[in-house]
Amino acid sequence: DCAAAFRNICNEPSLRKTVLSQSIVPTLVELTILNTGQVKQDCLAALCCLTQDEGSEEAIVRDGGVSAITSVRISGRDPEETIDLALIALLNLASAPHRYAKVENVIEAVLDMLKRGFSSFKGVLSGWATAMCLKALCNLACQKPNSGRIVEEGAVRILVRMCSNSQIEAGSKHLCCLALC
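What counts, and at which threshold
- Residues numbered from 1 in each chain as written.
- Predicted model: local features only at pLDDT ≥ 70, side-chain atom pairs only at ≥ 80, totals over all residues.
- Heavy atoms only, no water.
- Axes fitted to C-alpha atoms, helices over the stretch in contact; angles between N-to-C directions.
- Helix = DSSP H or I, 4+ residues; strand = E, 2+ residues; numbered from the N terminus.
- Parallel < 35°, antiparallel > 145°, perpendicular 65-115°, else oblique.
- Left-handed = near helix turned anticlockwise from the far one by under 90°.
- Contact = heavy atoms within 4.5 Å.
- Nonpolar A, V, L, I, M, F, W, Y, C, P; charged D, E, K, R; others polar.
- Core = buried A, V, L, I, M, F, W, Y, C linked by side-chain atoms within 4.5 Å.
- Buried < 20%, exposed > 50% of the residue type's maximum accessible area, 1.4 Å probe, protein only.
- Arc of directions from axis to C-beta.
- Patch = residues over 30% accessible without salt bridge, like charges linked within 9 Å, V, L, I, M, F, W, Y side chains within 5 Å.
- Areas by Shrake-Rupley, 256 points an atom, 1.4 Å probe, with all protein chains shown as cover.
- Salt bridge = Lys/Arg side-chain N within 4 Å of Asp/Glu carboxyl O.
- Polar contact = N/O pair within 3.5 Å; in protein donor to acceptor, adjacent residues only side chain to side chain.

1. Here's the deal with the packing of helix H3 (residues 24-34) against helix H4 (residues 37-50)
Piece 1. The geometry of H3 relative to H4 is characterised by a closest axis approach of 8 Å and an angle of 150 degrees between their N-to-C directions. It follows from the interaxial angle that H3 and H4 lie roughly antiparallel. Between H3 and H4 the crossing geometry is left-handed. Seen from H3, the contacting residues are Ile 24, Val 25, Leu 28, Leu 31 and Thr 32; seen from H4, they are Val 39, Lys 40, Cys 43, Leu 44, Ala 46, Leu 47 and Leu 50.
Piece 2. Partitioned by chemical class, the residues of the contact of H3 with H4 number 10 nonpolar, 1 polar and 1 charged.

2. Notes on the nonpolar core
Piece 1. Counting 62 residues, the largest nonpolar core has Leu 50, Val 106 and Leu 137 as the members making the most contacts within it.
Piece 2. For this core, the element with the highest residue contribution is helix H9 (residues 127-141), accounting for 10 residues.
Piece 3. Not counting chain neighbours up to four residues away, the residues in contact with Val 106 comprise Val 61, Val 66, Leu 90, Leu 93, Ala 94, Tyr 100 and Leu 140.

3. Overview of helix H12 (residues 170-180)
Piece 1. Every buried residue of H12 is listed here: Ser 172, Leu 175, Cys 176 and Ala 179. Seen from one end, H12 has its buried residues packed into an arc of 105 degrees, which puts them on one side.
Piece 2. Residues of H12 that are buried make contact with H9 and helix H11 (155-163).

4. Considering a nonpolar patch on the surface
Piece 1. Taken together, Val 151, Val 156, Val 160 and Leu 180 make up a surface patch of nonpolar side chains, about 320 Å² in accessible area.
Piece 2. Relative to the assigned elements, Val 160 resides in helix H11.

5. Topic: the environment of Gln 41
Piece 1. You can see Gln 41 is positioned in helix H4.
Piece 2. Taking the C-alpha atoms as reference points, Gln 41 and Leu 85, 44 residues apart in sequence, are found 7.6 Å from one another.
Piece 3. Leave out the neighbours within four places in its chain, and Gln 41 touches Glu 81, Thr 82 and Leu 85.
Piece 4. At 3.4 Å, the side chain of Gln 41 and the side chain of Thr 82 are in polar contact.

6. Here's the deal with the side chain of Asn 146
Piece 1. Summarising the element assignment, Asn 146 is placed in helix H10 (residues 144-152).
Piece 2. On the basis of relative accessible area, Asn 146 is assigned to the buried category, the value being 0%.
Piece 3. One polar contact links the side chain of Asn 146 to the main-chain carbonyl oxygen of Leu 140, over a distance of 3.0 Å.
Piece 4. Contacts of Asn 146, omitting those with residues within four sequence positions, involve Arg 99, Val 103, Ile 107 and Leu 140.

7. Structural notes on the pattern of salt bridges
Piece 1. All told, the structure shown has 5 salt bridges when counted by the stated rule.
Piece 2. A salt bridge links Asp 53 to Arg 16; the nearest nitrogen and oxygen atoms lie 3.2 Å apart. Of the two residues, Asp 53 sits in the loop between H4 and helix H5 (57-62) while Arg 16 sits in helix H2 (residues 16-21), which places them 37 residues apart along the sequence.
Piece 3. Overall, Asp 53 belongs to the buried group, its relative accessible area being 15%.
Piece 4. One network of salt bridges, with partners in common, ties together Glu 108, Arg 149 and Glu 153.

Now the structure itself:
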């Protein structure tokens, strides 16, 4: 199918810049949002591959890639593999060594994943998924211009509540503290 073909093309490092320049991201976003199951997973895998190339972040965010990532349904509707791909793509976008336009979309997405994953702080996200979100937030917080936006988006309240939750693993609590620094 089309989504599997996109996944295979994006998996090839030598083709990523070309497909990115040919506006593949809006197509992946549309397919991800409108589909479930294997199609959604293949599209997120393609996006995840694209996020591996340094310098691709701005184009992916500008073309709506964050919408596809946040379309995952954490509360048991999407398989864990699909959620994992979304989180890896989000971490990759948050790991850019430079600030880029619309990085605030990534900040909002990371916090949205944490909020949805811990609705009422029942711990819906696995320890690994929580750590991925927190690592992304730490990476974003390392760039000083992002710090104010992270605070404005309510991160402090979320992180403090996570630190006080007995179900949160010690390693994740440590990441919460790092993100607050």
